[in-house]
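Structural overview
Each chain, letter by letter, is given below.
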Amino acid sequence: MSFDDKKHIRGQVLALKSFKKSRHLNCFADCSKTVSLAFRRCGANMTLAKQTLELWRGTMKEVGGKFGTGVLSYFKFLKWLLMFNIFSFLVNFGFITIPQLIYHPTPDIPAGVSFKGLEILTGAGYFSHTVMYYGGYSNKTQGTGGRSEYNMQLAYFFTVAAYMVLCGAALIYSMASSFRKKYVLADSGLGGAWQLLCSWDFSVTNEKAVRQRKNNLRIQLKESLSEKVQVALLPLTERLKHYGVFLGTWLLSTGMALGCGASVYFLFSGSLLEEAATLLLPFVVSLINLVVPLFYSLFKKIEHYSNPRMQVYAIIVRNVILKMSILGILCYYWMKDVANTFSCWESIVGQALYRLVIMDFLFIMLGSFFGEFLSNVIGTKCIQSLGVPEFDVARNVLDLIYAQTLAWIGIYFSPLLPVIQIIKFFILFYLKKVSLTQNCQPPRRAGRAAQMQTIFIAILFFPSFVGALSMVAYTVWTLPPSDKCGPFRGLNTTFSAIQIWMDDLNRVDAFQWTVWIYQHVIRSEIFYFLVSLIILVFIYIFRQITQGRQLLIILLRQQIVNVSSSELSGPTCLVHQSCCVRSGCVYVMMLLKCRSNIFS
């Protein structure tokens, strides 16, 4: 065989190997491309399914497009609180109620006690002997007869403690995240131009969705521009007059809050044992929470705030003072008088909280009828000068915070109280949505509500959550439990269950490290002092970083304005337009000036 033949054969072999290799590579590339495309499609389908299954997504878009972000923030807040209560119900039901029902499926109901129907309003009677309240749970270690043991005392304590810790962590995280997005990273200079030029979603093709998006964009622009309006300086006499009005309204509102708290305290002289009489106190408290905030809303007729948000914040602070003063009086009475009077006082407090939640829900429905429906009828049929009412975001949000505060206080006294809250919030969402669309109009004075959500979460954390946590902690660490009912009967305090558990672990060599951590870390004041010091140091560091970034943003924006203004003459300004996109309204002004220079 000649050399050329060998070369020809070798070339054919190499060509065949190259063809097989390229075919394998193409198959691998095709397979990887197919797999990647399948994963992308799966991710897109999961995202679409998540958006489809998201609770009240379409309703939220409709409300935001018609009434603006201020009203929408109320419904977002309600949905957020609903998730809190669903989580609370799952935790309590899974770790406290289910074990109790497994080992004691039938409640110990005395003879002659039956369900009459009035318990739905009062929470007493038949309900007082069930797992609805603290007294319906056993203090024994379940499953000692050959089955796995389940310590109800530890389960009750750690479930309540873990839920409160997780709620506090979620509130702090949400508050910090919202503050970072709405305050730290919010660019006030971008607002109008950025929304006008760069925020349209071109994937929206549905005509109804396009109209909703246009309405939402229009209202957002009104909200952004309304806060940029500068009010002219008033004469000294006018300013003194305004300060006098502000001082008078604040003194009047604070005096009314203190007077309402005192009236609630003196009302406690009535009997708490008669089932029908127990509705008097929650009725009066709910009536105060309905009427007094409506009276507070009349102050805006004489107060003239230049910023719409300041008016909302003033109403919120007044309502917070009112509601927290009433709750403070109630907690003081429960801890001082009820705890020393009744044999199973935890269930009595749980029943009182149940009645407050139910009565608050009934009065919220009455408030929607009298405050919105009748106002709409009077403003459109009788006194047309009043006009169609607006949705009071501040008052309605404070109602939600008050209801959630009751649920947090009742987590120890009534583990299944979140069930009532879930039903209440579901009905309330649709009730408020119908009342909003049928009886209210979009706000006449639009105020940017992007930062209102942060304020709502901050108020929910303090004083709402902190106050509820303080009461539960005082109950656990200080007050003696009932001797005849509940999982902690016979103990000096609720926290004594942890000490007994540690004494049991101290006898086991494998758990000595747990006992050491409990004695030298958890019970050490130095540990909490160091933790507090570290938290303060981190807060200071992040505050300095935030201030540095804000200062850098201001300097960069000023530099962009200086550079762009120096190149503002002649057609060459078009070259520098790309530098001006980040400067918001400055970009729009420069574009108009450049056009005028070009056409001149």
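Heads up: the structure comes first, above all this text.
This text gives an overview of the structure that appears in the document. Only a predicted model underlies this, so the values are computations on that prediction, with no experimental measurement involved.

About the criteria used
Residues numbered from 1 in each chain as written. Predicted model: local features only at pLDDT ≥ 70, side-chain atom pairs only at ≥ 80, totals over all residues. Heavy atoms only, no water. Axes fitted to C-alpha atoms, helices over the stretch in contact; angles between N-to-C directions. Helix = DSSP H or I, 4+ residues; strand = E, 2+ residues; numbered from the N terminus. Parallel < 35°, antiparallel > 145°, perpendicular 65-115°, else oblique. Left-handed = near helix turned anticlockwise from the far one by under 90°. Contact = heavy atoms within 4.5 Å. Nonpolar A, V, L, I, M, F, W, Y, C, P; charged D, E, K, R; others polar.

Moving on, we come to the packing of helix α2 (residues 57-103) against helix α13 (residues 452-477). The geometry of a pair of packed helices is captured by two quantities: the angle between their axes and the separation between those axes. Relative orientation of the contacting elements α2 and α13 amounts to 40 degrees, with a least axis distance of 10 Å. With respect to each other, α2 and α13 are oriented oblique. Crossing of α2 over α13 shows right-handed handedness. Only Q453, F456, I457 and L460 of α13 make contact with α2, whose side of the interface consists of S73, K76, F77, W80 and L81. Here the residues of the contact of α2 with α13 sort into 6 nonpolar, 2 polar and 1 charged.

With that settled, the discussion passes to the packing of helix α8 (residues 280-297) against helix α10 (residues 345-382). In contact at an axis separation of 9 Å, α8 and α10 are set at 40 degrees when each is read in the N-to-C sense. Overall, the two elements α8 and α10 adopt an arrangement that is oblique. Here α8 and α10 pass one another in a crossing that is right-handed. Touching P282, F283, V285, S286, L287 and L290 of α8 are R355, L356, M359, D360, F363 and G367, all from α10.

Before going further, it helps to spend a moment on unusual backbone geometry. For the bond running from F462 to P463, omega is 15 degrees, close enough to zero to count as cis. Looking at the secondary structure, you find P463 in helix α13. Positive phi, close to 60 degrees, is recorded for W56, a residue that is not glycine. Along the chain, W56 turns up in the loop between α1 (3-53) and α2.

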